[in-house]
Amino acid sequence: MSEPQDRRAAVTGIGVVAPNGISTDTFWKATHEGLSVLDRVTREGCEHLPLKVAGEVRAFEAADTIEERFLVQTDRFTHYAMAAADFALADARLGPADTAESPYSIGVVTAAGSGGGEFGQRELQRLWGKGSRFVGPYQSIAWFYAASTGQVSIRRGFKGPCSVVASDEAGGLDALAHAARAVRRGTDAIVAGSTEAPLAPYSVVCQLGYEELSRESDPARAYRPFTEAACGFVPAEGGAMLVVEAAAAARERGGDIRAFVAGHGATFTGAARWAESRAGLAQAIRQALAEAECAPEEVDVVFADALGVPAADRAEALAITDALGAHGTRVPVTAPKTGTGRGYCAAPVLDTAAAVLAMEHGLIPPTPNVHDVCHDLDLVTGRARAAEARTALILSRGLMGSNSALVLRHAAGR
């Protein structure tokens, strides 16, 4: 690819493997219809554990899209990443012919919180049950949180900047920001995003240490942020990958620009210090708006972090009004993840995909299972709301204290 002049970071492809859809189209249909797919945990070995409800990806067969030689080396979370990357590249119409002459022009950036727990547990059980000779050679890499970046880049032959972001759940947004900055510095395209698979028994036991994890057994009540009945969050698997590309490079090869990654901000306020996260998240929002050269009143929709913990929900609601002023109480806010679960690093990437689709379709998706909002927010509930959204703000916080905000602009701009 030639060196273009317009280095704005554009989203040109979206690939989704989520509890509510194994394609962007099915994901969007379920999301804008407000469908909740939260249900009882069915993963083998998890039946007796206190976690009762989750967002599982149930209609995914890795062997349908991924070669056997990669399947045996990788965990479920990387299977999701490879499939989502395939979908995103196909959506962007970015094929081998576009990269063969310049493999160093495309890189990969992912984020992960749980890594390959299922693969790691299986191999450790073989170690202690049968002995070291029965442990596969890929145990050393398949569990690692950087495995998805490595395998996507190897499988596709991408030799540009490759990295993994480790910054809590907020890492999903930070990975997209990292991709955007790589594009602005000269890389033509980055495949970026996050997928997670935290529903193996070992992974679930680790999560049970989180006080914020919902133990509610009723799927309709298990994850209800911004309400008086909020009792924590429900975990989920799956995620999304995006193609982030230099705008001029995309135009040169005939690709479609779906949105621009316009601004990003990140702060850190400490583990479970939800009152302090108010100031940290507000500062991240201000940073993102400043980088995007976006006034607070230009924000048309906010995709909330929506932890489902009363203190955290209050801090987020206040952070939005702190950063956006009076507009913060009027701007539509949504949290479609209440219908699929909060997939750690993958959750804000799915929100980003939903935000691009919301701007394209002129529909703000609702917040499933939430009705009695107890904060001063214009939370979209019940059904999707028609709106001409040109600027979206996506928020994310991690249980360990990371805060992140991302600003997207519609391809038509303002």
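From a predicted model like this one, the values you see are computed outputs, not experimental measurements.

*Asks:* Which parts of the structure should I look at to understand the overall build of the protein?
*Replies:* Helix and strand counts for the protein stand at 13 helices and 15 strands. In terms of overall dimensions, the protein is globule-like: its C-alpha atoms have a radius of gyration of 20 Å, near the 22 Å expected for 414 residues. Along the first, second and third principal axes, the C-alpha atoms of the protein reach 65 × 55 × 35 Å. Out of the 414 residues belonging to the protein, those deemed buried represent 61%. In the protein, the 39 positive side-chain charges and the 49 negative ones have mean positions that sit 1 Å from each other.

*Asks:* Can you help me understand the layout of surface pockets in this one?
*Replies:* Summary: where empty space remains is shown by rolling a probe the size of a single water molecule over the atoms. What the largest pocket holds in volume is close to 470 Å³. In terms of lining residues, the largest pocket is bounded by 23 residues, among which Gly113, Ser114, Cys206, Gln207 and Tyr210 are the most central. Sorting the residues of the lining of the largest pocket by element identifies helix H5 (117-130) and helix H9 (201-207) as the ones contributing at least two each. Of the residues in the lining of the largest pocket, the class split is 12 nonpolar, nine polar and two charged. Here the lining of the largest pocket spans two domains, and each of domain 1 (9-253) and domain 2 (262-410) adds at least three residues to it. The space that makes up the second largest pocket amounts to roughly 200 Å³. At the level of secondary structure, the elements contributing two or more residues to the lining of the second largest pocket comprise helix H3 (76-92) and H5. Counting residues per element, the lining of the second largest pocket draws most heavily on H5, at three residues. Split by residue class, the lining of the second largest pocket holds four nonpolar, two polar and five charged.

*Asks:* What's the story with the domain arrangement of the protein in this structure? I'm lost.
*Replies:* Once the domains are mapped, the protein shows domain 1 (9-253) and domain 2 (262-410). Counting from both sides, the interface comprises 60 residues of domain 1 and, opposite them, 63 residues of domain 2. Counting the surface lost from both domain 1 and domain 2, the interface buries some 4,800 Å², and carbon and sulfur atoms represent 68% of this. The tally of links between domain 1 and domain 2 comes to two salt bridges. In this structure, the salt-bridge partner of aspartate 372 is arginine 224, at a minimum N-O distance of 2.8 Å.

*Asks:* Please clarify how empty space enclosed by the protein should be interpreted in this entry.
*Replies:* Enumeration over the complete set of coordinates arrives at four cavities of 30 Å³ or more. Roughly 70 Å³ of volume is contained in the largest cavity. Lining the largest cavity are Asn20, Phe27, Thr31, Pro336, Lys337, Thr340, Gly341, Ala347, Leu350, Asp351 and Ala354. By residue number, the principal contributor to the lining of the largest cavity is helix H13 (residues 346-361), which donates four residues. Partitioning the lining of the largest cavity into residue classes produces five nonpolar, four polar and two charged.

*Asks:* It is not clear to me how the packing of helix H1 (residues 24-32) against H13 should be interpreted in this structure. Could you clarify?
*Replies:* Helices that pack against each other are described as a pair by the angle of their axes relative to one another and the distance between those axes. Where H1 contacts H13, the axes come no closer than 11 Å and their chain directions differ by 80 degrees. Here H1 lies roughly perpendicular to H13, going by the angle between them. Contacts from Thr24, Phe27, Trp28 and Thr31 in H1 reach Leu350, Ala353, Ala354, Leu357, Ala358 and His361 in H13. A class-by-class count of the residues in the contact of H1 with H13 yields seven nonpolar, three polar and no charged.

Parameters at a glance
- Residues numbered from 1 in each chain as written.
- Predicted model: local features only at pLDDT ≥ 70, side-chain atom pairs only at ≥ 80, totals over all residues.
- Heavy atoms only, no water.
- Helix = DSSP H or I, 4+ residues; strand = E, 2+ residues; numbered from the N terminus.
- Rg over C-alpha atoms; globule rule 2.2 N^0.38 Å.
- Buried < 20%, exposed > 50% of the residue type's maximum accessible area, 1.4 Å probe, protein only.
- Lys, Arg positive; Asp, Glu negative; His and termini not counted.
- Charge placed at Lys NZ, Arg CZ, Asp CG, Glu CD.
- 1 Å grid on protein atoms, 1.4 Å probe; cavity = no way out; pocket = protein on both sides within 12 Å on 5 of 7 lines; lining within 4 Å.
- Points joined across faces, edges and corners; volume = space filled by probe spheres on them.
- Nonpolar A, V, L, I, M, F, W, Y, C, P; charged D, E, K, R; others polar.
- Domains from an automatic or database assignment.
- Contact = heavy atoms within 4.5 Å.
- Buried area = accessible area lost by both parts, 1.4 Å probe.
- Salt bridge = Lys/Arg side-chain N within 4 Å of Asp/Glu carboxyl O.
- Axes fitted to C-alpha atoms, helices over the stretch in contact; angles between N-to-C directions.
- Parallel < 35°, antiparallel > 145°, perpendicular 65-115°, else oblique.

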